[in-house]
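Structural overview
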Amino acid sequence: MAKQAATNADVNVIEDVPVEVLATSIVKISETVKRMEASGLNRDALCALVKDATGIPKSTTTRVLNALRSLSATYTTQKSAK
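Remember, predicted model here, so these are calculated numbers, not experimental data.

Conventions used here
Residues numbered from 1 in each chain as written. Predicted model: local features only at pLDDT ≥ 70, side-chain atom pairs only at ≥ 80, totals over all residues. Heavy atoms only, no water. Helix = DSSP H or I, 4+ residues; strand = E, 2+ residues; numbered from the N terminus. Buried < 20%, exposed > 50% of the residue type's maximum accessible area, 1.4 Å probe, protein only. Contact = heavy atoms within 4.5 Å. Salt bridge = Lys/Arg side-chain N within 4 Å of Asp/Glu carboxyl O. Expected span 1.5 Å × (residues − 1). Arc of directions from axis to C-beta. Axes fitted to C-alpha atoms, helices over the stretch in contact; angles between N-to-C directions. Parallel < 35°, antiparallel > 145°, perpendicular 65-115°, else oblique. Left-handed = near helix turned anticlockwise from the far one by under 90°. Polar contact = N/O pair within 3.5 Å; in protein donor to acceptor, adjacent residues only side chain to side chain.

Let's talk about the overall build of the protein
- Within the protein, the regular secondary structure consists of 4 helices and 0 strands.
- Moving toward the C terminus, one meets the helices and strands of the protein in the order α-α-α-α.
- Of all 82 residues assigned to the protein, the portion counted as buried reaches 17%.
- Partitioning the intrachain contacts of the protein with sequence separation of at least 6 by distance along the chain shows that 62% fall at a separation of at least 24.

Structure, rendered in structure tokens:
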């Protein structure tokens, strides 16, 4: 089955999202990952849950969790809660 190309309407929706909304969302994602890590589950448990839910390798889940945790610092000037 061939992939469907994005339509102009799809692209316009993305272009209409204000930068502030994107920045706030990025900060919230980073904060959510940090809260998950502080929830009582250790890092290995979080990786195992993601691996089981997605079927992707543990090394990949670790890299994804690390990237999500640091999104705010990498891509915004807003500071997330520590």
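Here's the deal with the pattern of salt bridges
- Applying the stated criterion to the full structure yields 3 salt bridges.
- Put simply, Asp44 and Lys58 hold a salt bridge, and the shortest N to O gap is 3.4 Å. A residue pair is termed long-range when its members are at least 10 positions apart, and Asp44 in helix α3 (residues 43–54) and Lys58 in helix α4 (residues 58–75) qualify at 14 residues.
- In this structure Asp44 comes out as partly exposed when scored by relative accessible area, which is 49%.
- Classification of Lys58 as partly exposed rests on a relative accessible area of 43%.

Observations regarding the side chain of Thr61
- With respect to the element layout, Thr61 can be found in helix α4.
- If we ignore the near neighbours within four places in the chain, the residues touching Thr61 are Cys47, Val50, Lys51 and Ile56.

What about helix α2 (residues 19–37)?
- Counted at 1.5 Å a residue, the expected span for α2 with its 19 residues is 27 Å, and the 28 Å between its end C-alpha atoms agrees.
- By the burial criterion, the buried members of α2 are Ala23, Val27, Ser30, Glu31, Val33 and Lys34. The buried residues of α2 occupy an angular sector of 155 degrees when the element is viewed end-on, so they sit on one face. Exposed side chains of α2 directed beyond 90 degrees from the buried face belong to Lys28 and Arg35.
- Check the buried side of α2 and you find it contacts α4.

Here's the deal with the packing of α2 against α4
- With their axes 8 Å apart at the nearest point, α2 and α4 run at an angle of 140 degrees to one another. Of the possible angle classes, the one that applies to α2 and α4 is oblique. Here α2 and α4 pass one another in a crossing that is left-handed. Every residue of α4 that contacts α2 at Ile26, Val27, Ile29, Ser30, Val33, Lys34, Met36 and Glu37 is listed here: Leu65, Leu68, Arg69, Ser70, Leu71, Ser72 and Tyr75.

A closer look at the side chain of Thr76
- Mapping Thr76 onto the fold places it in the segment after α4.
- For Thr76, a relative accessible area of 14% puts it in the buried group.
- Separated by 2.8 Å, the side chain of Thr76 and the backbone oxygen of Ser72 make a polar contact.
- Those residues in contact with Thr76 that lie beyond four places of it in its chain are Ala23, Ile26, Val27 and Leu71.

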